[in-house]
Amino acid sequence: MSEPQRTPFVESLQDAAARVQLAGSGIGWLDAARRENLEAFVAAGLPDTRTEAWKYTALRALGQRRFALGDAQAAARAVDAAAFALPGVDGPVLAFVNGVFRADLSRLNALPAGLDLQPLSQALRGDAEPLRFALSRHYREGGDAFARLNAALAGDGVVLRVAAGAKVLGPVQLVFVGAPAEGDLAWHLRHVIELGEGAELSLVEQHVASGAQQHLGTQVADIVLRKGARLDHVTLQQAAAGGTLVRRDSLHLGEDAQARLHVLELGGALVRHDLHATLAGDRARLATGGVFVLRGRQHMDTQMAIRHQALDTASESVWRGVADERSRGVYRGAIVVAPGADGSDASLSSKNLLLSGQAEIDTKPELEIYADEVKAAHGATVGQLDERSLFYLRSRGIPLGEARAMLTAAFCRAVFASVSHGGLREALDQRLMAHLPSA
Amino acid sequence: MLKIENLHARVEGKDILKGLTLTVNPGEVHAIMGPNGAGKSTLGNVLSGRDGYEVTEGSVIFNGVDLLALEPEARAAAGVFLAFQYPVEIPGVNNTYFLRAALNAQRKQRGEPELDSMQFLKLVREKLKIMQISDELLHRAVNEGFSGGEKKRNEIFQMAVLEPKLAILDETDSGLDIDALKQVAQGVNALRSPERGFLVITHYQRLLDYIEPDFVHVLADGRIVQSGDKTLALKLEEQGYAWVAEKDPALSGASA
């Protein structure tokens, strides 16, 4: 087998890795894990579209770009706090600018009882041993290039633990801001989130831009829910129009654990979201709801994989996609009901709207069932705005553009009806409405 | 106010309206009756600007403006309102939100100041009282899960809020039982005024028992073949549409 050519992308990051001192370097097992993952990344490079997981997302153009690693000026970058303000939403805030923790934008005083919340860079300065399992992972799949890159180069991120029985419903806000710099930056964030037995957490994750730039951000989050824990997780993605953002969330749900995830994807030029969940304990329940709204030449690829692995587990997934102009949306929802996961209940709905003849959406629900007495349903559609509804609105005086925006928002809105925090539900609705062109 | 002259229109290549002429003045209620397929609904759709209807000849002048040259939203702002035969359900769009957006969009197009939510709420309360509609309807999505009667009442309620100059009622009586029909008619009667014209399109005479027209026109094969006062409607009820065809030999072939 011939050695793949080192692309400018790989070259720039490999060279940068040799010069940069990441938080936690000097910790033997971490150094080793970073080194090995970097080697694996360099050896394999970025996947091409022959790799199943990247079939619809070409990385050729990204491969030709060069990025600087990290932002030495991050602490001094002025950012527009309005970009991530959530009126009516309180709670602790952990904020990062260009991948670097910013204490001045965070709110970490008076944390509620049972909540341990700190940047990874800080956690690594203390006892790093509890992070060893998460941070010394090796990624072996062909499609895992960004996870390898992240494992090799992540120097910061979020460490969040909720003690058994504690309730943190604040919610906790995680804010990731991209700010203009002297060139194109790459940053990598690694999150470790754990909910103890019977713990409850409400979490909001925001990706926002404070000014135009074309940075690359990657993040890998491991989220573990112990027995009976409950998580409510809302993600609002409004990265810069030129930005590239690659996220991977891996969830592990124990017995009787319940997780509810809502995702609103609006920004970025190239956005990839991998959402992997394992329902590992009996009666674990997962609900996912996502919306992407694309225009221009935006490309958004969501790859969801849910694995039912225990008795009487349930998952419900409701995803809506909207693509206008020349944008491209990809949604893959794969649900596996493993042998022995009897009595599982899985449903998946992916409905999509094309607002232009040049936009494209590929949706692919997949269901594999290896257990007994399983209830499963899935459906996927790609369509257009209903002409009768459009005419009805226009006949009442609502101009065409506004009528289209109204129907598009209505199409998406059902997903967020299940967001329990009223302020957040409203914020999602407002961001969505503000994003839709009304003229 | 509304002057339709020699209107010809086609749908999917088929001629439906074949030279319709009609004038509606402010304050007048005109009933358009006719057998199925005569072009009744086409008339409403052409006037409100629905896609797919091609006007091949003739003109429609509304208060001095060429109505056919306007987009549907501009026709609404100019004061044309169509009460749909089949109101559309729009899940995810709240009825109140929709109505306020519609009213403000019209006001904006007319260069009038928009209403804030307090002013709008006040207006809506007044109209609810007139229409005898429960405000529960307002909190639901537009027409979603409404009964047939609720949908038609919602149409009339929208009309009350939007205050059009010309209201076109497209078979508003279809699918209604007698109680619902009375309620809808009551609403319409409450909106009759010297400034407002009505075009009431219906297949049956029964609606006209409750909404008394000033003029009745019989539409057959795309043209008005007979006009008269409300007694014409009663005669039609008695003798059926065949009677019209008999009187007009040119039609007997078409309606046979």
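Structural data are supplied above this passage.
Summarised in this report is the structure supplied together with it. (Residues numbered from 1 in each chain as written. Chains lettered and ligands numbered in written order. Predicted model: local features only at pLDDT ≥ 70, side-chain atom pairs only at ≥ 80, totals over all residues.)

**Quick notes on the sheet that holds strand E4 (residues 53–62) of chain B**
Residue and element names in this part refer to chain B.
- The four strands lie next to each other as E2-E1-E4-E5, forming an open sheet whose pairing is antiparallel. At either margin of the open sheet sits one strand with a lone partner, and together these are strand E2 (14–24) and strand E5 (65–66).
- Looking at chain direction, E4 and E5 are connected through two bridges and run antiparallel. Paired with Ile 61 across the bridge in E5 is Asp 66. (Pairing = 2+ DSSP bridges. Helix = DSSP H or I, 4+ residues; strand = E, 2+ residues; numbered from the N terminus.)

**Quick notes on helix H7 (residues 230–239) of chain B**
Residue and element names in this part refer to chain B.
- Within H7, burial applies to Leu 232, Ala 233 and Leu 236. Looking straight down H7, one finds that the buried residues subtend no more than 105° of arc, so they occupy a single side. For H7, the exposed residues lying more than 90 degrees away from the buried face are Thr 231, Glu 238 and Gln 239.
- Taken together, the buried residues of H7 touch strand E3 (29–33), strand E11 (215–220) and strand E12 (223–228).
- Following H7 by one or two positions, Gly 240 adopts a phi angle in the positive range, close to 80°. (Buried ≥ 20, exposed ≤ 12 C-beta atoms within 10 Å, placed from the backbone. Arc of directions from axis to C-beta. Contact = placed C-beta atoms within 7 Å.)

**Focus: the nonpolar core**
- Among the nonpolar cores identified, the biggest contains 199 residues, and A:Val177, A:Leu253, B:Phe81, B:Ile168 and B:Val200 are the most heavily contacted of them.
- A domain split of this core shows at least three residues from each of domain 1 (8–281) and domain 2 (387–439) of chain A.
- Setting aside anything within four residues of it in sequence, one finds A:Val177 in contact with A:Val79, A:Ala83, A:Phe84, A:Ala95, A:Phe96, A:Val97, A:Val208 and A:Ser210. (Core = buried A, V, L, I, M, F, W, Y, C linked by C-beta atoms within 7 Å. Domains from an automatic or database assignment.)

**Observations regarding helix H1 (residues 8–19) of chain A**
Residues and elements named next belong to chain A.
- Its 12 residues give H1 an end-to-end C-alpha distance of 17 Å, which sits within 8% of 16 Å, the value for a rise of 1.5 Å per residue.
- Every buried residue of H1 is accounted for by Phe 9, Val 10 and Leu 13. All buried residues of H1 lie within an arc of 90° about the axis, which places them on one face of the element. Opposite the packed face of H1, turned more than 90 degrees from it, sit the exposed residues Asp 15, Ala 18 and Arg 19.
- Packed against the buried residues of H1 are helix H2 (28–44), helix H3 (60–63), strand E1 (68–69), helix H6 (145–153) and strand E7 (185–195). (Expected span 1.5 Å × (residues − 1).)

Function cannot be inferred from these measures alone, as they are strictly geometric.
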